[in-house]
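If you want the building blocks of each chain, they are given just below.
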Amino acid sequence: MTDVTGAPADVLHTLFHSDQGGHEQVVLCQDRASGLKAVIALHSTALGPALGGTRFYPYASEAEAVADALNLARGMSYKNAMAGLDHGGGKAVIIGDPEQIKTEELLLAYGRFVASLGGRYVTACDVGTYVADMDVVARECRWTTGRSPENGGAGDSSVLTAFGVFQGMRASAQHLWGDPTLRGRKVGVAGVGKVGHHLVDHLRADGAEVVITDVREDSVRRILDQHPTGVTAVADTSALIRTEGLDIYAPCALGGALDDTTVPALTASVVCGAANNQLAHPGVEKDLADRGILYAPDYVVNAGGVIQVADELHGFDFDRCKAKAAKIFDTTLAIFARAKEDGIPPAAAADRIAEQRMAEARSH
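I will try to describe carefully the structure that is included in this document. (Residues numbered from 1 in each chain as written. Predicted model: local features only at pLDDT ≥ 70, side-chain atom pairs only at ≥ 80, totals over all residues. Heavy atoms only, no water.)

### Some words on the packing of aromatic side chains
- Per the stated rule, a full pass over the model turns up three aromatic pairs.
- Judged by centre distance (6.1 Å) and plane angle (70°), the rings of Y78 and Y299 are edge-to-face. Of this pair, Y78 sits in helix α2 (residues 62–82) while Y299 sits in helix α12 (residues 298–301), and the two are 221 residues apart along the sequence. Judged on exposure class, the residue Y78 and its partner Y299 are both buried.
- Judged by centre distance (6.5 Å) and plane angle (75°), the ring pair of F316 and F318 falls under edge-to-face.
- Relative accessible area serves as the criterion here: at 36%, F318 is assigned to the partly exposed category.
- We note R185 situated over the ring of W177; from NZ or CZ to the ring centre the distance is 3.8 Å.
- Sitting over the face of the ring of F163, K322 holds its NZ or CZ atom 4.9 Å from the ring centroid. (Phe/Tyr/Trp six-rings, centres within 6.5 Å; stacked < 30°, edge-to-face > 60°. Helix = DSSP H or I, 4+ residues; strand = E, 2+ residues; numbered from the N terminus. Buried < 20%, exposed > 50% of the residue type's maximum accessible area, 1.4 Å probe, protein only. Lys NZ or Arg CZ within 6 Å of the ring centre and 35° of its normal.)

Structure below.
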């Protein structure tokens, strides 16, 4: 079924009528000369200009691209609220295979669309886009972050993302075992790419034993070469989650890592990782709680990157950013306390705190 524009009606229903909707604005962008087709979704500007990355991905359909933009933008509202940033949530998706269609002309056309929003949306990198791409976009749009240091940006945000996840782990250890250290603990890290390899460095420095896996053999080899002791590798995620004596599981690759198959098989007492959208569907957070597994909400602990790109708008200062990312420790502890107080899983407690901050901003 379609609406009067020919767009799938379920997308409009999501936007205007569902709990997943409530977005302020959705912009469909097309530049035929460059082949650009993009969706920019602004979920909320209650706390300030919407901030979120640009995903460049070969979606199976335009409807799937719109749905992804809506979900990701909503997630950014919650992430930015919990990170204490004066930013709402937004996200953009460019439809197509970046390996095939990404050109300077396309990125410049995209930059003009972002600029047309007059600062309501600030963009950055995401899957399929990189620092070099943001440098191009910035030529047409001053509301662009995640740029290279040569162009006034902060560069790679994975360093602070990993630092924030490590703070979330320390908070989890404090809550569960009464001591904010990972010394003597066994931590499984699934995905040791951009963020994961920095996380392993923090864990080893703190005295943790680390078990890793990654689909890329070269990524695994690099970690094992850097850490000849204290780090072992297993074949895949299925083997990792079943590792005997695992204390913490850190999903640092793709989303949907926690589902009806993995949760019953987990040996770890804590889940705390860098991946976005770890809960495959509603209800998984309750399944974790029912098994007595402590879940540190992904969008809270992986906010180091967004803290960095937000700071870029004010003249990047690494030490200032690191101090903000260090507060993820206190925020995570506050979520665990609220969850206990309200008798709900930590993911629901984080949502409540974020919604409260957004509601208070709207009422002023």
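### A closer look at the state of the cysteines
- Within this structure, the stated rule accounts for zero disulfides.
- Of all cysteine sulfurs in the structure, the one in C125 sits closest to C321, which takes part in no disulfide; the separation is 15 Å. (Disulfide = S-S within 2.5 Å.)

### Focus on the packing of α2 against helix α16 (residues 346–363)
- Contact geometry for α2 and α16: axes closest at 9 Å, N-to-C directions at 85°. In terms of orientation, α2 lies roughly perpendicular with respect to α16. Contacts between α2 and α16 involve S77, Y78, N80, A81 and M82 from the former and A350, D351, I353, A354, E355, R357 and M358 from the latter.
- For the contact of α2 with α16, the residue count by class is seven nonpolar, two polar and three charged. (Axes fitted to C-alpha atoms, helices over the stretch in contact; angles between N-to-C directions. Parallel < 35°, antiparallel > 145°, perpendicular 65-115°, else oblique. Contact = heavy atoms within 4.5 Å. Nonpolar A, V, L, I, M, F, W, Y, C, P; charged D, E, K, R; others polar.)

### A word on the environment of A109
- One can find A109 in helix α4 (residues 104–115).
- Of the residues examined, A109 reaches a relative accessible area of 2% and is grouped as buried.
- When the C-alpha atoms of A109 and A33 are compared, they prove to be 9.2 Å apart, with 76 residues separating the residues in sequence.

### Examining the side chain of T144
- Topologically, T144 is positioned in the loop between α5 (131–137) and α6 (158–177).
- Polar contacts involving the side chain of T144 include one to the main-chain carbonyl oxygen of C141, which spans 2.8 Å. (Polar contact = N/O pair within 3.5 Å; in protein donor to acceptor, adjacent residues only side chain to side chain.)

### Here's the deal with the pattern of salt bridges
- A full pass over the atoms with the stated rule returns 18 salt bridges.
- Where D218 meets R216, a salt bridge forms, and the shortest distance between an N and an O atom there is 2.9 Å.
- With a relative accessible area of 46%, D218 lands in the partly exposed category.
- Notably, a salt bridge pairs D342 with R352, separated by 3.0 Å at the nearest N-O pair. (Salt bridge = Lys/Arg side-chain N within 4 Å of Asp/Glu carboxyl O.)

### As for the pairing of strand β7 (residues 209–213)
- A large share of β7 lies buried, amounting to four of its five residues.
- Sheet topology places strand β6 (residues 186–190) next to β7; five bridges connect them, and they run parallel. Bridge pairing links V187 to V210 in β7.
- Handedness of the β-α-β unit built from β6, helix α7 (residues 196–205) and β7 comes out right-handed.
- Of the pairings in the sheet, the one linking β7 to strand β8 (residues 231–233) comprises three bridges and is parallel in character. (Pairing = 2+ DSSP bridges. Right-handed = clockwise from strand over helix to strand, strands pointing away.)

### What about the sheet that holds strand β1 (residues 25–31)?
- Pairing in this open sheet of five strands is mixed, and the strands run β1-β2-β4-β3-β5 from one edge to the other. The open sheet terminates on both sides in strands that have one partner only, identified here as β1 and β5 (121–125). Each strand axis lies, on average, 25° off the axis of its neighbour in the sheet, ignoring direction.
- Docked against the sheet, α4 engages β1, β2 (36–44), β3 (50–57), β4 (88–95) and β5, running at close to 30° with respect to β2.

Structural measurements only, silent on function.
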